[in-house]
Amino acid sequence: MANLAKNQELEVNVTDLTYEGLGVAKVDGFPLFIDNALPGETVRAHITKLQKQYGFAFTKEILKKSPDRVETKSRIYTQTGIAPLQHLSYPAQLTFKQHQIDELYKKQHLDIEVLPTIPSPQQTGYRDKAQVPVREVNGKLETGFFKRRSHVLVPITDFYIQDPAIDEAIVIVRDLLRKYNVPAYDEIHNGGVVRNVMVRRGHFTKMMMIVLVTRTRDLPHMAEIVSDITAALPEVASIILNFNPKRTNVILGSRSKTVWGQDYIEDDLLGSTFRISAQSFYQVNPEQTENLYKAAIDGAQLTGNETVIDAYSGIGTISLTMARHAKQVYGVEVVPEAVEDARVNAAANGIKNVTFKVGKAEDVMRTWRDQKLAADVLMVDPPRKGLAPEFTEAVGSMLPGRIVYVSCNPATLARDITALGEFGYKATQTQPVDMFPQTQHIESVTVLTRD
Ligand code: SAH
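What counts and how
Residues numbered from 1 in each chain as written. Predicted model: local features only at pLDDT ≥ 70, side-chain atom pairs only at ≥ 80, totals over all residues. Heavy atoms only, no water. Buried < 20%, exposed > 50% of the residue type's maximum accessible area, 1.4 Å probe, protein only. Helix = DSSP H or I, 4+ residues; strand = E, 2+ residues; numbered from the N terminus. Pairing = 2+ DSSP bridges. Near = heavy atom within 4 Å. Polar contact = N/O pair within 3.5 Å; in protein donor to acceptor, adjacent residues only side chain to side chain. Areas by Shrake-Rupley, 256 points an atom, 1.4 Å probe, with all protein chains shown as cover. Lys, Arg positive; Asp, Glu negative; His and termini not counted. Salt bridge = Lys/Arg side-chain N within 4 Å of Asp/Glu carboxyl O. Right-handed = clockwise from strand over helix to strand, strands pointing away.

Draft legend 1. Inspection of the pairing of strand β4 (residues 30–35) at higher detail. Among the six residues that make up β4, five are buried, leaving the element largely enclosed by the rest of the structure. Counting the residues that bridge the hairpin from strand β3 (residues 23–27) to β4 gives two residues, and of these Asp28 lies at a positive phi of roughly 50°. Across four bridges, the pairing between β4 and strand β6 (residues 55–64) is parallel. Paired with Phe33 across the two strands is Phe56, which belongs to β6.

Draft legend 2. Main features of the site of the ligand. Around the ligand there are 17 residues in total, and Gln283, Tyr293, Glu333, Ala361 and Asp381 lie nearest to it. Within the contact set of the ligand, an oxygen atom lies 2.7 Å away from a side-chain nitrogen or oxygen of Glu333. Out of a free accessible area of 570 Å², the ligand has 89% covered by protein chains. Counting only elements with at least two residues in the shell around the ligand, the list comes to α6 (317–323) and α8 (361–370).

Draft legend 3. Region of interest: the side chain of Asp167. Here Asp167 is to be found in helix α3 (residues 164–179). Comment: no salt bridge for buried Asp167; closest opposite-charge side chain is Lys73, at 7.6 Å. In this structure the side chain of Asp167 is engaged in a polar contact, spanning 2.8 Å, whose partner is the side chain of Gln162.

Draft legend 4. Summary view of the pairing of strand β12 (residues 208–214). Where burial is concerned, most of β12 is hidden: seven out of the seven residues are buried. Bridge count for strand β11 (residues 194–201) against β12 is seven bridges, and the pairing is antiparallel. Its bridge partner being in β12, Asn196 is matched across the sheet by Val213. One ladder, built from seven bridges, connects β12 with strand β13 (residues 236–243); its direction is parallel. Counterpart to Met208 in the pairing with β13 is Val236. Note that the unit made of β12, helix α4 (residues 222–232) and β13 has a crossover that is right-handed.

See the structure below:
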């Protein structure tokens, strides 16, 4: 370790930006990760924590400013991790994401061109879903967000990257919980009642769903709260209670009941209407989702004769869009409610050439392989942990002609491309699509083919 101490202040040159958006400066080779510092800047850093291999600091003063720095709206968006890249200009965020993928490829000796990131049509206020914690702060029920790496709630009413109509709904729900003296969840004693408020709003339909996640089976004053919510928010189409009694960081419990309206909301994408249940995944940046799906569908090069597997299919958004240009589509998804949504969505949009299976993609993929299902195109859109080794192994014996990989984590993408390389798959280009402006998250589309 360099000769450094906690609370020491020193002048450093920032040379890099981590995946999480922290500035990196090396002090005699020892890396310091610095909040609110950009490459090319010289800052006075205040050391907050030292470990063996690296340390953390915050920027006390900027001595030389990067041309990519922009005015930040509020420190709380960095503190909470809601918008860790808010101090970086939007064009620089797009380049940052392109370079992040490029670096990972270089480390793995992958020769793949990374194209410029497709910008998001909306750079703030884009999220169509919120899941905010409810806690008591100084004797008052508050909604907001946790400080990074903690469970300290920072009260927030403007969430900056969320649909403002969702922010407004959260404040209305907060005020009703206060009005009826409903206790906030108490994490330390696993006591209290309301843990989280989840709100989803169809970007094109304006239909809103409100989910109250409670530790107890019942919500005190439920009838009054429901009636007040519907009076205050005419867009609400669905109010759901979700029961989550456990000590856990997982937001939703497994049991839900609809206490008002429908079990789902609807939204439109690429000319189809989709029903979305509380437990189902749905892309959070609806305008940009259309660009993401267009890139995936273009990559599939469908002519109408293909058999397609859509793995990690969610509510069937990609499956149904591809079904219009393919012979047959098979979807697989682990959340049963999402598969139910997908089946209803297929029927409602008059699409017959698609079949959905509930299960783990790695299990169902092996079954399909054993049944000698021959896919021309394999579409994958896995969660952050990427493809399971069993999945990749099944791909290796099924050998679909073309794989379209939609990734939300470039580290597992690079790993999986390397693994698929064992079976002769190669990629030439990756197209990043910015689904998450102001944050470090990186979405991309890559096509792999065999020689
Ligand atoms: N393609 C869809 C969903 C992508 S998100 C869309 O664009 O909307 C990833 C999906 O994978 C989620 O719906 C999640 O429930 C599902 N999932 C996670 N692990 C899985 C697994 N092992 N097998 C199948 N599906 C899984």
